[in-house]
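Given next are the chains, with one letter for each unit.
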Amino acid sequence: MSCLKIESAFKLNNVPIIVEFDNFYAPYAGVCIQSIIESASQNNNYDIIIISHDISDSNKFLLKSLGKELGNISIRIFDIRQLRECLSANVSKEYLPPKNNLWVRNLSPYLFECYERVIVVDLDMLVQHDLAELMDISMGDFCLAGVRDLIWCGQYMENFPLQKHGKSFNITMHEYWKTLLPIKEPMNYYNAGLTVWDCTNCRKQVDELSVIKGLLNEHFFYSHQDAINLVFDERIKFIETKWNYQVQVNERYARRMSYAPEEYRNEYNHGKQNPYVIHWLGNPKPYVCPDVELGYLWWETAKRTPFIPHIFARMFDELTKRQEYYEKRYGTKVNTWDPAPKNINRE
């Protein structure tokens, strides 16, 4: 497979936005892309780039149908394997990144050489504000911009044992920071759900191989996110929480956030009043449990996509997860299709 070089879709006012996902998540990513389109302005052109390796022809058709009648929207789908071939020309085989989609986020400044700045978004986000504004923020010498990770801050402040997918590991946050992720200031850890890359600064300050080596570190707990935070330590510009409002989707996340420094919690609560980008990191997702915080906004957007029948069909496969979520939230067993447990007040 030959190396693929991507060029800008528009000559003027181009806003490059990168989303990576596999075929399973195409319906949910479609909702994210629809929200980007609905939040766009007529004054800019939106160059939406989808990176994957297995999207079906039917899902490609549906994804490209989003915004097809708008002249300032371009949606292109590229094979991640071709991008990986581009890297192989610059680095030895032992340093090629993992064969998954996540590495694209870290290496975007080096893969998309035609852009001076790119925006990378997670598929579990809903955009409520024009992303073009992120192209105009002052970056100075910073390599990237993003929002502080409040869950990380709370975990660090209370020195919780590391926990992922309900499993605890035999190391505390302080130990992890000192031994495996020694960023200079532990509170300056960002969430990679939304990243604004200053590609020019990245290519000047950090070589591509250093980024790849970070990706290959098997000891990182949050894989690509930890890698970015360490490799680009002190080169991250922190922007307002409203650009990546991290929903408290479960009690564990809410508890972690409650231990974060008051300054950051106040900023978080301020962003909650008018979130520009909503991020349902962790579980449950709104497409599994519609009544998670702000989930109704996700569904309002989903209804305006051609993926809505697929999303409803998937919910039948997730009924057990929905029931487990309700039981943890309300302390009682409920019917999976109840909007909320009977005789119990909502939080």
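Everything here concerns the structure above.
As the structure is a prediction and not an experimental result, all values here were calculated from the model.

Analysis parameters
- Residues numbered from 1 in each chain as written.
- Predicted model: local features only at pLDDT ≥ 70, side-chain atom pairs only at ≥ 80, totals over all residues.
- Heavy atoms only, no water.
- Buried < 20%, exposed > 50% of the residue type's maximum accessible area, 1.4 Å probe, protein only.
- Helix = DSSP H or I, 4+ residues; strand = E, 2+ residues; numbered from the N terminus.
- Pairing = 2+ DSSP bridges.
- Contact = heavy atoms within 4.5 Å.
- Polar contact = N/O pair within 3.5 Å; in protein donor to acceptor, adjacent residues only side chain to side chain.
- Phe/Tyr/Trp six-rings, centres within 6.5 Å; stacked < 30°, edge-to-face > 60°.
- Right-handed = clockwise from strand over helix to strand, strands pointing away.

Draft legend 1. Expanded view of the pairing of strand E9 (residues 190–198). Within E9, 9 of the 9 residues are buried, which leaves the element mostly enclosed by the surrounding structure. Bridging between strand E4 (residues 117–121) and E9 involves 5 bridges; their strand directions are antiparallel. Bridge pairing links Ile-119 to Val-196 in E9. Across 4 bridges, the pairing between strand E6 (residues 144–148) and E9 is antiparallel. Counterpart to Leu-144 in the pairing with E9 is Trp-197.

Draft legend 2. Structural context of helix H12 (residues 295–302). Most of H12 sits out of view: 6 of its 8 residues are buried. Inspection of H12 places Gly-295, Leu-297, Trp-298, Trp-299, Thr-301 and Ala-302 among the buried residues, and these make up the whole buried set. Buried residues along H12 sit against helix H1 (26–38), strand E5 (125–127), strand E12 (277–279) and helix H13 (308–317).

Draft legend 3. Geometry of helix H5 (residues 150–158). Most of H5 is tucked away: 7 of the 9 residues are buried. Buried residues along H5 sit against E6, helix H6 (173–179), strand E11 (245–246), helix H10 (251–258) and helix H11 (262–273). The opening residue of H5, the one whose side-chain oxygen lies 3.1 Å from the backbone nitrogen of Ile-151, is Asp-149. Positioned one or two residues after H5, Asn-159 has a phi angle of 55°, which is positive.

Draft legend 4. Structural context of the packing of aromatic side chains. Overall, the coordinates contain 18 aromatic pairs when judged by the stated rule. A ring pair is formed by Trp-152 and Tyr-189, whose centres lie 4.1 Å apart and whose planes are at 10°; its orientation type is stacked. Taken together, the residues Trp-152 in helix H5 and Tyr-189 in the loop between H6 and E9 connect sequence positions 37 residues apart. Take Trp-152 and Tyr-189: they sit in the same class, and that class is buried. Plain terms: the ring middles of Trp-243 and Tyr-276 are 4.8 Å apart, the flat faces sit at 85° to each other, and that makes the pair edge-to-face. Placement of the pair is Trp-243 in the loop between strand E10 (236–238) and E11 and Tyr-276 in the loop between H11 and E12, with a sequence separation of 33 residues. Residue Trp-243 is classed as buried on the basis of its relative accessible area, which comes to 7%.

Draft legend 5. The arrangement of the pairing of strand E2 (residues 45–52) in detail. With 8 of 8 residues buried, E2 is to be regarded as a mostly interior element. Neither face of E2 is exposed, since Asn-45, Asp-47, Ile-49 and Ile-51 on one face and Tyr-46, Ile-48, Ile-50 and Ser-52 on the opposite face are all buried. As for the winding sense of the linkage, the β-α-β connection from strand E1 (residues 14–20) through H1 to E2 is right-handed. Across 7 bridges, E2 lies against strand E3 (residues 73–79) in parallel orientation. Each residue of the ladder has a partner; that of Ile-48, found in E3, is Ile-75. With helix H2 (residues 57–65) bridging E2 and the parallel E3, this β-α-β connection has right-handed handedness.

Draft legend 6. Spotlight on the sheet that holds E5. With mixed pairing, 3 strands are arranged side by side in an open sheet as E5-E12-E11. In the strand order of this sheet, the two ends are held by E5 and E11, each with one partner. Note: E11 against E12, 2 bridges, orientation parallel. Residue pairing in the sheet places Tyr-245 in a bridge with Ile-278 of E12.

Draft legend 7. Fine view of unusual backbone geometry. The amide bond that connects Asn-283 to the next residue, Pro-284, takes the cis arrangement and shows omega of 5°. Its location among the elements puts Pro-284 in the loop between E12 and H12. Its identity is not glycine, yet Asn-159 carries a phi of approximately 55°, on the positive side. Residue Asn-159 is classed as partly exposed on the basis of its relative accessible area of 27%. Within the chain, Leu-294 stands out as a residue other than glycine whose phi angle is a positive 65°.

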